[in-house]
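An overview of the molecular structure
These are the residues of each chain, in order.
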Amino acid sequence: HMSIGIGLARRISESENLNADVYLFFQPGEEGGTGGLAFSRTEQVERLDYLVASHLGIWQKRQLVCELDFMSSGTFEVEFHGKTAHAALNPQDGRNALLAASNAVVGLYDIPGHPDGETRVNVGKLRSDNAHNVISDHAEFTMEVRGENDELCAEMEARARDVIEKAAAGAGVDAEVREDGRYISVPSSPALKAAVREAAIKTGIPEGAILDRYSVMGSEDATHMMKTVIE
């Protein structure tokens, strides 16, 4: 990314026909969903007329994709708070946070796919530090939901929160859901997509190596910057 940016900066500085202000953004924190959001609030992004975001490595083919559709996504940290007790002597006095978390994980994976588009749910980590004979008073996991658009993602999030609340209520424990990151889905400009394609052909890229559009089942927080420019 740095090499591309430096090379582009050099070519721009050598151009005699460019009558515009050009900003190069090296976006941090893409995997956390926060870098693009922070950049979207800067005065430099707010004054842009056009934004071209580059994402590398979608697949192994040497192709230029003029428009990428990314999924909307939310990442969350979930904690369950119960009451500890001895698992053999007085289990009735405990409130099992690990049981609630485990039931929630199973319930999350039971959420059906949405008929209106692609959706995803995943739990990446489940943790509860206790000895084998202790009723767990604390458990936590990290999770994500995705949707083909913001509406589907919001519906998946609502379903996930409902599963978590019911799992906690069933075990008599408290649950806390904290948002860790947010990716949104924003459509690209048809006119800008066409301009990118035309420019690529002018530079000598064969038409067979150019793909007009591709939908990715991942997420990208440069969409926050795109939304600022569009609005």
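See the structure printed just above.
Here's what I pulled together on the structure shown here.

Side note on the overall build of the chain
The number of helices and strands found in the chain is seven helices and 10 strands. With the C-alpha coordinates aligned to their principal axes, the bounding extent of the chain is approximately 80 × 35 × 35 Å. Expressed as a percentage of its 231 residues, the buried residues of the chain come to 33%. As presented, the chain carries roughly 14,100 Å² of accessible surface, and 50% of it is formed by carbon and sulfur atoms. For the chain, the separation between the mean place of its 22 positive charges and that of its 37 negative charges on side chains is 3 Å.

Brief notes about the packing of aromatic side chains
Following the criterion strictly, the structure yields three aromatic pairs and no others. Ring centres of F25 and F39 lie 6.0 Å apart, and the angle between their planes is 65°; on these two criteria the pair is classed as edge-to-face. Within this pair, whereas F25 is found in the loop between α1 (2–14) and α2 (35–40), its partner F39 is found in helix α2, the two being separated by 14 residues in sequence. Ring geometry for F80 versus F141: centroids 5.9 Å apart, planes at 40°, classification tilted. Note that F80 is positioned in strand β3 (residues 72–81) and F141 in strand β7 (residues 138–147), a separation of 61 residues in sequence. Take F80 and F141: they sit in the same class, and that class is buried. Taken together, Y23, F25 and F39 form an aromatic cluster joined through their ring pairs.

Looking at empty space enclosed by the protein
Throughout the structure, instances matching the rule amount to one cavity of 30 Å³ or more. The computed volume of the largest cavity comes to approximately 30 Å³. Taken together, F76, M143, V145, E157, A160, R161, I164 and V177 make up the lining of the largest cavity. If you list the elements that add at least two residues to the lining of the largest cavity, you get β7 and α5 (150–171). If one sorts the elements of the lining of the largest cavity by residue count, α5 sits on top with four residues. Of the residues that constitute the lining of the largest cavity, the class distribution is six nonpolar, no polar and two charged.

Focus: the nonpolar core
Core analysis: the biggest nonpolar cluster contains 25 residues, and F80, L108, F141, M143, V145 and I164 have the highest contact counts within it. Put simply, the parts of the chain that give this core at least two residues each are β3, α4 (97–109), β5 (119–127), β7 and α5. It is α5 that contributes the most residues to this core, eight residues altogether. Apart from the residues within four sequence positions on either side, V145 is in contact with S72, S73, G74, F76, R120, V121, C153, M156, E157 and A160. The next biggest cluster of nonpolar side chains, apart from the first, holds eight residues, and it includes V45, L48, I184 and V186.

Focus: the pattern of salt bridges
According to the stated counting rule, one finds 17 salt bridges in the structure shown. The residue R146 makes a salt bridge to E144 at a minimum N-O spacing of 3.0 Å. Judged on exposure class, the residue R146 and its partner E144 are both buried. One network of salt bridges, in which partners are shared, links E77, E79, E176 and R178.

Some thoughts on the side chain of D69
As for its position among the elements, D69 is in strand β2 (residues 68–69). A polar contact of 2.5 Å, which involves the side chain of D69, links it to the side chain of R213. Of the polar contacts made by the side chain of D69, one reaches the side chain of S215; its length is 3.5 Å. Residue contacts for D69: discarding those within four places in its chain leaves R213, Y214, S215 and V216.

Comments concerning the pairing of β7
Counting buried residues in β7 gives seven out of 10 residues, a clear majority hidden from the surface. Sheet analysis places β3 next to β7, joined by 10 bridges and oriented antiparallel. Residue pairing for β7: T75 is matched across the bridge by E144. Here eight bridges tie β5 to β7, and the two strands are oriented antiparallel to one another. Its bridge partner being in β7, L126 is matched across the sheet by F141.

About the criteria used
Residues numbered from 1 in each chain as written. Predicted model: local features only at pLDDT ≥ 70, side-chain atom pairs only at ≥ 80, totals over all residues. Heavy atoms only, no water. Helix = DSSP H or I, 4+ residues; strand = E, 2+ residues; numbered from the N terminus. Buried < 20%, exposed > 50% of the residue type's maximum accessible area, 1.4 Å probe, protein only. Areas by Shrake-Rupley, 256 points an atom, 1.4 Å probe, with all protein chains shown as cover. Lys, Arg positive; Asp, Glu negative; His and termini not counted. Charge placed at Lys NZ, Arg CZ, Asp CG, Glu CD. Phe/Tyr/Trp six-rings, centres within 6.5 Å; stacked < 30°, edge-to-face > 60°. 1 Å grid on protein atoms, 1.4 Å probe; cavity = no way out; pocket = protein on both sides within 12 Å on 5 of 7 lines; lining within 4 Å. Points joined across faces, edges and corners; volume = space filled by probe spheres on them. Nonpolar A, V, L, I, M, F, W, Y, C, P; charged D, E, K, R; others polar. Core = buried A, V, L, I, M, F, W, Y, C linked by side-chain atoms within 4.5 Å. Contact = heavy atoms within 4.5 Å. Salt bridge = Lys/Arg side-chain N within 4 Å of Asp/Glu carboxyl O. Polar contact = N/O pair within 3.5 Å; in protein donor to acceptor, adjacent residues only side chain to side chain. Pairing = 2+ DSSP bridges.

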